[in-house]
Structures are given as C-alpha cells and as structure tokens.
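Below are the chains, spelled out letter by letter.
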Amino acid sequence: MPALGQVYHLSAASGRPQTDLVFAHRSKCLHAHSLSGRSRCVSIPTSPLGPCVGPAPFRPSGAASMRRAAALQRRMAAPVVCSATNGEKMTVAITGATGLLGSRLVAKLAAAGHKVRVLTRNPASARSKLSYPGLEFYGPSEWRRGVEGATGVVNLAGEPIATRWTEELKKSIKSSRVGATTAVVDAIKAAPVDKRPAVLVSASAVGFYGISNTATYTEDSPSGNDYLAEVCRAWEAAAQRATSVGVRVAILRFGIVLAPEGGALGKMLPVFQIFAGGPLGSGKQWMSWIHRDDVVDLMIEALVNPAYTGVFNATAPKPVRMSELCSVLGNILGRPSWLPVPDFALMTLLGEGASVVLEGQRVMPARTQAVGYRFKYADLSDALRNLRLSARW
Ligand SMILES: NC(=O)c1ccc[n+]([C@@H]2O[C@H](COP(=O)([O-])OP(=O)(O)OC[C@H]3O[C@@H](n4cnc5c(N)ncnc54)[C@H](OP(=O)(O)O)[C@@H]3O)[C@@H](O)[C@H]2O)c1
C-alpha cells in the first residue's frame, strides 16, 4: 500500500518526536505505521493548509495500550499544530531567496516540485538570478499577496554582514533584518485566518551568544552584550511576533555556513591563499560551522516538522578552533598552514566586518539534535572535502 505521507508526533514510549507513515483511510481515521514497525489508527483533523497533528491521536485496546495512550495524551496536551506533512506539495514564500542560502533552498524546493514565491526588494533583479519553472516574484508592496495561502514562510533577508562596517552600514545590518522580518510578520498577520501560513522559519545567527574562547553555548544560553548579539535579539523578537496569531515560529541560529561561493568561507579563501594558508587572527577563536546542505535540509525540516518550535542552533555538532579549520583547509588544498594571518591584514581587507572570522563562539546544536536532526556533515574534513574547494581555485 503506498504511503500517503508522514505524521509527526511524540512517541508514547520515549516522549520524543517520531515520524509515522500514513497509509490509507480506514473508516474515520488514517492508518499509521510507525517507523519502528508498529501500526495504529490516528485521527487527523484537516486544515486548508494540510493535515493537523492534534492531541490524542491514539485509539488504544488492552491495558498496556491504555496506559501508553494516557501518557501520550498527557504529553500531547498542546494545541493543534498544522502543517503540510502529508506528502502534498507545499507553497513556500521566501525573503532573501536570491542570497547564498535562499538560492540553494529555492533550488531544492523547486526540484522537489514545491511552489516557491520569491519575496524580494527587486523582482526584475531576482528574476535574473533565479530561473526555475513556476517561480513567482513579489516586490515589497506585494508581500501580503505573496504570503497569503502559502504553507510556510522562510525569512532570510538582510544586509550582508562580512563586509567593511561603517556606522551607516551597521545601522542597515540591523534595520534591514528587523524591517524585513517585521514586514513579513505583518503580512502573515494580515492574511485571513484560513489563508494564513502555518509556520515561519526565520534566520538568526550564533552571534546571538556574543563571543568567547572558553564558553560553550546551547539554545538555552543567554544572549551576549556586543553589537551582533543586539542585532540578533531584535531580529528574533520581530519574528516571534508571529506567534501571537498562532503561527509556529522556528528560529534557526546559523553558524558559519561553509560554502565556497560566499559567506565567511568565501571571504576567507582568497585571504588564506594570499597569506599562505595560516590561521586567521590568533587561531584560538571558535568556528561553529555548518555545511550548506545541512542548512537547506534544516530549513525544510523546520517547515514540515511541528517539533521545530522555538530556537534551534544550526551548527554542526563538532565546532573547531580557527587553527584547526585552517589546518584542515591547508591539508585539503595542499597549502602550508603555519604562517598566521595577522589581524591587521584582515581588518585592512574586511574592516570591522572581519570580526565574523577573528572572533567566534563554541555553539552546540542541543535542541536540534534533541528533535532528531541528523547532520549530513558532522565532521569538518568531510564537509570541506565535499565542497571540492580545490576545483574552484
Ligand atoms: N551565510 C552565513 O554564513 C550566515 C551565517 C549566519 C547567519 N546568516 C543569515 O542568514 C540569512 C541568509 O544568509 P545569506 O548568506 O544567504 O545572505 P545573503 O547572501 O547576503 O542574502 C541575503 C538576501 O537578503 C536580501 N537583502 C540584502 N540586503 C538587504 C537589505 N539591505 N534589506 C533587505 N534585504 C536585503 C537580498 O535579497 P533581495 O535582493 O532578493 O531582496 C539578499 O539576497 C542572512 O540574514 C544572514 O545574516 C548567514
């Protein structure tokens, strides 16, 4: 019997989120087959946006099942959560879709047959960057229309950060993120209830925690007190406003995304090459990195899996110090990695924006792993090798 789709719920046995495959209608319920091999009946209220996973989907028989069902019901005493998890095609509205991460997300969603709506500052320029069949483009005055009826929204827009900071640019780094997030949340709130997206996946960054060479941060750690921490707090607060209308909000605090075509690694590579590949700065600063494919997979997981509510660190589980990152890079590229690149050289090239590679923090994806996300690239050398860096030089 072909599977109709997937249902996410809390496992009766472990209390952890689990995925069931939904097989077929049986009277008033769907029949679900747990990936652990057990079959059971689940009632799934539907919404215009897709199925809803509601409380108490378990119809027990026998004493043991009754006890498990009671425990499950206690754990599931949360409000009904809706999202498109039944294998239906989603409609996803994305801000910042033309950027480094957004363009890869668009490519993956489009390849899987989902509908993508690009919410952009400039539709003409966005059209020239993204060309997949069926893409729809919405300029700033049309974002409300772009959000209406979408299954979910992904919010990635913001002024690039790893550049030379001026006072004006610092203002724009913050206001562009808070402004775009506010605009998209206002658009979500303005949508009629039956056409409101079920979920907002919104970007943030590990800069939320501040910088340290000694501390380890998880999602529960407090925010830091530097400029980037302040930006992240304001950015996240703007996204959380969507919860007031019952929208699930998943905030992904991205680490340094490993992608040779941009971001911090894209900036580091030429510097690394000019200076014979030594550590940038002291080398002691922590680099909480993540491979670009894991970023895209996490965004899609956060869209479809209701367990993603709140804040999640999007960083691989093995952060490294900069000296290790440069040594692994040096090995892969066949370049020496003993001559440190002095801070002043980076500051000259990148200005204050060099802080994204000169300073860092050790961040662990505790909640991300607790909800069951398995990183494709947990190991730095696997991640860098996969990027085929040498071929791009
Ligand atoms: N890449 C990383 O390593 C990393 C790490 C941590 C956090 N993040 C965060 O994740 C998000 C996506 O990252 P990314 O690397 O894909 O960013 P990106 O390549 O710089 O793209 C960001 C997108 O935001 C829009 N944008 C640019 N300047 C803007 C402005 N002044 N006001 C409003 N929108 C503006 C642009 O889209 P349109 O021109 O189509 O409007 C652009 O394509 C960013 O907010 C970034 O801070 C990224």
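Structure: see above.
This section reports on the structure supplied with the text. Predicted model, so just to flag it, every value in this text is computed and none were measured. (Residues numbered from 1 in each chain as written. Predicted model: local features only at pLDDT ≥ 70, side-chain atom pairs only at ≥ 80, totals over all residues.)

**Considerations on the overall build of the chain**
- Across its full length, the chain holds 14 helices and 20 strands.
- Counting only residues that meet the buried cut, the chain has 43% of its 393 residues in that class.
- When contacts within the chain are restricted to residue pairs at least 6 apart in sequence, those whose partners lie at least 24 apart make up 72%. (Helix = DSSP H or I, 4+ residues; strand = E, 2+ residues; numbered from the N terminus. Buried ≥ 20, exposed ≤ 12 C-beta atoms within 10 Å, placed from the backbone. Contact = placed C-beta atoms within 7 Å.)

**Side note on the packing of helix 2 (residues 100-111) against helix 8 (residues 292-304)**
- Close contact between helix 2 and helix 8 brings their axes to 10 Å; oriented N to C, the two are set at 65 degrees. Taken as a pair, helix 2 and helix 8 cross one another with a handedness that is right-handed. Contacts between helix 2 and helix 8 involve Leu101, Arg104, Leu105 and Lys108 on the former and, on the latter, Arg292, Val295, Val296, Met299 and Ile300.
- A breakdown of the residues in the contact of helix 2 with helix 8 according to their chemical character gives 6 nonpolar, no polar and 3 charged. (Axes fitted to C-alpha atoms, helices over the stretch in contact; angles between N-to-C directions. Left-handed = near helix turned anticlockwise from the far one by under 90°. Nonpolar A, V, L, I, M, F, W, Y, C, P; charged D, E, K, R; others polar.)

**A word on the pairing of strand 9 (residues 115-119)**
- Of all 5 residues in strand 9, 4 are buried; the element is thus mostly enclosed.
- Judged from the 5 bridges that link them, strand 8 (residues 91-95) and strand 9 form a sheet pairing that is parallel. Across the sheet, Val92 pairs through a bridge with Val116, a residue of strand 9.
- Note that the unit made of strand 8, helix 2 and strand 9 has a crossover that is right-handed. (Pairing = 2+ DSSP bridges. Right-handed = clockwise from strand over helix to strand, strands pointing away.)

**A word on the site of the ligand**
- Every one of the 27 residues lining the ligand counts as a neighbour, but Gly99, Thr120, Gly158, Ser176 and Val257 are closest to it.
- Within the residue set of the shell around the ligand, elements represented by two or more residues are helix 2, helix 5 (167-190), strand 12 (199-205), strand 15 (256-258) and helix 7 (263-274).
- Among the residues forming the shell around the ligand, the class breakdown is 14 nonpolar, 11 polar and 2 charged. (Near = placed C-beta within 6 Å.)

**Details of the sheet that holds strand 18 (residues 310-314)**
- With respect to topology, 7 strands assemble into an open sheet ordered 10-9-8-11-12-14-18, the strand pairing being parallel. At either end of the open sheet lies a strand with only one pairing partner, and these are strand 10 (136-138) and strand 18. For this sheet, the mean inter-axis angle between neighbouring strands, taken without regard to orientation, is 20 degrees.
- In the sheet, strand 11 (residues 152-155) pairs with strand 12 via 4 bridges, with the strands oriented parallel. The partner of Val154 across the bridge, within strand 12, is Val201.
- This element, helix 2, spans strand 8, strand 9 and strand 11 of the sheet and lies at about 170 degrees to strand 8.
- Packing against the sheet, helix 6 (residues 227-240) makes contact with strand 11, strand 12 and strand 14 (248-254), and its axis sits at approximately 175 degrees to strand 12.

**Observations regarding the environment of Arg177**
- Secondary-structure assignment places Arg177 in helix 5.
- Between the C-alpha atoms of Arg177 and Trp235, which are 58 residues apart in sequence, the distance is 6.0 Å.
- With near-sequence residues (within four places) excluded, Arg177 lies in contact with Gly158, Val231 and Trp235.

**Observations concerning helix 5**
- If you check helix 5, its first and last C-alpha atoms are 34 Å apart, about what 24 residues at 1.5 Å a residue would give, namely 34 Å.
- If you check which residues of helix 5 are buried, you get Ile173, Arg177, Ala180, Thr181, Val184, Val185, Ala187 and Ile188.
- Residues of helix 5 that are buried in the fold lie against strand 8, strand 9, helix 4 (143-147), strand 11, strand 12 and helix 6. (Expected span 1.5 Å × (residues − 1).)

**Focus on the packing of helix 5 against helix 6**
- The N-to-C vectors of helix 5 and helix 6 enclose an angle of 10 degrees; their axes lie 8 Å apart at closest approach. Taken together, the axes of helix 5 and helix 6 are roughly parallel relative to one another. Facing Lys170, Ile173, Lys174, Arg177, Val178, Thr181, Thr182 and Val185 of helix 5, the residues of helix 6 in contact are Tyr227, Val231, Ala234, Trp235, Ala238 and Ala239.
- Along the lines of polarity and charge, the residues of the contact of helix 5 with helix 6 split into 9 nonpolar, 2 polar and 3 charged. (Parallel < 35°, antiparallel > 145°, perpendicular 65-115°, else oblique.)

**Quick notes on the pairing of strand 14**
- Most of strand 14 sits inside the fold, with 7 of its 7 residues counted as buried.
- Residues of strand 14 alternate between two faces, with Arg248, Ala250, Leu252 and Phe254 on one and Val249, Ile251 and Arg253 on the opposite face, all of them buried.
- Direction of pairing for strand 12 relative to strand 14: parallel, over a ladder of 7 bridges. Counterpart to Ala205 in the pairing with strand 14 is Phe254.
- With 5 bridges connecting them, strand 14 and strand 18 associate as parallel partners. Note on strand 18: the bridge partner recorded for Leu252 is Phe312.

**What about helix 2?**
- The end-to-end C-alpha distance of helix 2, which contains 12 residues, comes to 17 Å, matching closely the 16 Å that a straight helix rising 1.5 Å per residue would cover.
- Those residues of helix 2 that sit buried are Leu101, Gly102, Leu105, Val106 and Leu109. The arc enclosing the buried residues of helix 2, seen along the axis, measures out at 135 degrees, which places them on a common side.
- As for helix 2, its buried residues are in contact with strand 8, strand 9, strand 11, strand 15 and helix 8.
- Downstream of helix 2 by one or two residues, Gly113 has phi in the positive range, about 90 degrees. (Arc of directions from axis to C-beta.)

**Here we look at the environment of Leu200**
- Following the sequence through the fold, Leu200 ends up in strand 12.
- Taking the C-alpha atoms as reference, Leu200 lies 9.2 Å from Val184; in sequence the two are 16 residues apart.
- In contact with Leu200, not counting residues within four places along its chain, are Val153, Asn155, Ile188, Ala239, Ala242, Val247 and Val249.

Taken by themselves, the reported measurements are silent on function.
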